[in-house]
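# Coordinate analysis (summary)
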Amino acid sequence: MYLCAMQILDGKIVAQSVKEELKQKVDLLKQEGKKTPHLAAVLIGNNGASETYVASKVKTCGEIGYESTLIRFDESVSEEELLKKIGDLNNDSTVDGILVQLPLPKHISEEKVINTIAAEKDVDGFHPSNIGKMVQGQPSYIPATPYGILLLMQHYNIQTKGKHAVVIGRSNIVGRPMSILLSQNNSTGNCTVTLCHSHTHNLKTLCLQADIIVAALGKPEFLTADMVKEGAVVIDVGITRVDDATKKKGYSIKGDVHFESVAPKCSFITPVPGGVGAMTIAALMKNTYLAATNHR
Ligand code: NAD
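Residues numbered from 1 in each chain as written. Predicted model: local features only at pLDDT ≥ 70, side-chain atom pairs only at ≥ 80, totals over all residues. Heavy atoms only, no water.

## With respect to the overall build of the protein
Scanning the protein from N- to C-terminus turns up 10 helices and 11 strands. Against the globule reference of 19 Å for 296 residues, the protein gives a C-alpha radius of gyration of 19 Å, in line with a compact fold. Within the protein, the proportion of its 296 residues that are buried is 50%. Sequence-distant contacts, at least 24 apart, represent 70% of the contacts inside the protein between residues at least 6 apart. Total accessible area computed for the protein in this model is approximately 14,200 Å², and 52% of it derives from carbon and sulfur atoms. (Helix = DSSP H or I, 4+ residues; strand = E, 2+ residues; numbered from the N terminus. Rg over C-alpha atoms; globule rule 2.2 N^0.38 Å. Buried < 20%, exposed > 50% of the residue type's maximum accessible area, 1.4 Å probe, protein only. Contact = heavy atoms within 4.5 Å. Areas by Shrake-Rupley, 256 points an atom, 1.4 Å probe, with all protein chains shown as cover.)

## As for the packing of helix 1 (residues 11–31) against helix 2 (residues 48–64)
For the pair helix 1 and helix 2, the least separation of the axes is 8 Å and the interaxial angle reads 50°. Considering their axes alone, helix 1 and helix 2 lie oblique with respect to each other. On the side of helix 1, the interface is formed by Lys-19, Leu-22, Lys-23 and Val-26, while helix 2 contributes Thr-60, Glu-63 and Ile-64. (Axes fitted to C-alpha atoms, helices over the stretch in contact; angles between N-to-C directions. Parallel < 35°, antiparallel > 145°, perpendicular 65-115°, else oblique.)

## Considerations on the sheet that holds strand 5 (residues 164–168)
Spatial strand order, 1-11-8-7-5-6: six strands in an open sheet with parallel pairing. The sheet is open, and its two borders are formed by strand 1 (7–8) and strand 6 (192–196), each paired with just one other strand. In this sheet, strand 11 (residues 268–269) lies alongside strand 1 in parallel orientation, the contact comprising two bridges. Bridging from a neighbouring strand, Ile-8 pairs with Ile-269 of strand 11. (Pairing = 2+ DSSP bridges.)

## Things to note about the domain arrangement of the protein
Accessible area lost when the parts come together is the quantity often used to give the size of an interface. By the assigned domains, the protein splits into domain 1 (33–118) and domain 2 (143–277). Centre-to-centre, using C-alpha coordinates, domain 1 lies 27 Å away from domain 2. (Domains from an automatic or database assignment.)

## Describing the site of the ligand
By nearness alone, 21 residues border the ligand, and Arg-170, Ser-171, Lys-219, Ile-239 and Thr-280 come closest of all. Interatomic distance of 3.4 Å between a backbone N/O atom of His-197 and a nitrogen atom of the ligand. In this structure, Lys-219 approaches the ligand through a side-chain N or O atom, which is 2.9 Å from a nitrogen atom. Within the complex, the protein chains bury 73% of what would otherwise be the 860 Å² of accessible surface of the ligand. Among the elements that line the shell around the ligand, the one with the most residues is helix 10 (residues 276–295), at three residues. Its residues assigned to classes, the shell around the ligand comprises nine nonpolar, 10 polar and two charged. (Near = heavy atom within 4 Å. Polar contact = N/O pair within 3.5 Å; in protein donor to acceptor, adjacent residues only side chain to side chain. Nonpolar A, V, L, I, M, F, W, Y, C, P; charged D, E, K, R; others polar.)

## Brief notes about the sheet that holds strand 4 (residues 97–100)
Strand order in the open sheet made by the three strands is 3-2-4, with parallel pairing throughout. Unpaired on one side and paired on the other, strand 3 (67–73) and strand 4 mark the two borders of the sheet. Pairwise comparison of adjacent strand axes, ignoring direction, gives a mean angle of 15° for this sheet. Taken together, the four bridges between strand 2 (residues 38–44) and strand 4 define a ladder with parallel strand orientation. Paired with Val-42 across the bridge in strand 4 is Val-100. Its contacts with the sheet put helix 2 on strand 2, strand 3 and strand 4, and the angle it makes with strand 3 is roughly 160°.

## A few points about the side chain of Asn-287
Its place among the elements puts Asn-287 in helix 10. Judged by its relative accessible area of 2%, Asn-287 falls in the buried class. Setting aside its immediate chain neighbours within four residues, Asn-287 contacts Val-123, Tyr-141, Ile-142 and Tyr-147.

In structure tokens, the structure reads:
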């Protein structure tokens with residue numbers, strides 16, 4: 001039996017190098033007396049995971065030397081009030097990037113919120129105008145999680161040309177843009193892509209044909225060793241809090257991949273935590289820098 005040497009795709013290390021590169025650029029802006037990039041983050045309610053993500057994004061802004069503003073709303077905020085705030089941020093020339101942490105409370109339309117953020121400040125890359133440009137291969141803000149995955153794969157020199165990539169999950173923020181990016185005619189694309197979702201038949205058969213698997217379905221430890229061929233590259237996007245009485249916090253974080261069984265079969269694999277999550281924030285920071293330079 002062929003056993004390949006498995007390598008961990010270390011999102012923490014790669015994210016750190018992206019952040020250091022951005023910090024150097026920001027230091028230069030400061031030396032030249034120029035304004036530093038400014039990210040405004042909007043958080044609604046007090047969902048534990050969202051709190052953690054936003055806190056981490058704000059902290060990273062500080063580490064790089066960006067300005068950041070955190071705007072908090074109670075869970076009961078009206079859609080109208082939230083949209084008005086986004087409008088104010090769009091018109092605020094000191095703000096370069098705007099992110100509204102998802103998911104939103106049920107009474108607020110995600111579509112309206114995304115469409116209201118000015119496309120040129122949409123550093124999450126969710127606005128239809130940015131998605132449209134991305135599909136056509138035009139310069140745009142690429143959704144942070146798929147962008148982070150591409151940066152990670154690029155860092156480890158993972159070849160995508162001619163490979164069969166299976167993406168599991170078709171959300172607008174992860175799976176679908178990932179499938180488009182991997183299929184593009186460029187150095188991080190040129191894959192033959194199969195996009196799988198909850199209505200896909202024979203998922204296991206498709207996964208067994210994959211050179212690259214991106215698991216983004218939000219089902220803890222869904223992808224098991226019997227679904228992965230020897231030597232595959234496995235990217236685990238999933239982040240789910242699972243009750244765990246042995247942990248101080250009362251939960252542990254699980255990815256969509258059963259890491260222990262899958263890892264020995266892979267050529268490359270991302271861990272959870274320490275893989276895609278860290279890269280998502282790094283990509284957001286890259287988009288924010290781009291927004292600031294475009295803006296001025
Ligand atoms: P989502 O719930 O919007 O979409 C899930 C997708 O998975 C859907 O398209 C659905 O059709 C598909 N799916 C569900 N069950 C399936 C099955 N049995 N077989 C095949 N497909 C199935 O989720 P999302 O927002 O894309 O997030 C997915 C996961 O990624 C979640 O765990 C989320 O927390 C995580 N996430 C992580 C990051 C990060 O930075 N690491 C960023 C965003 C989301």
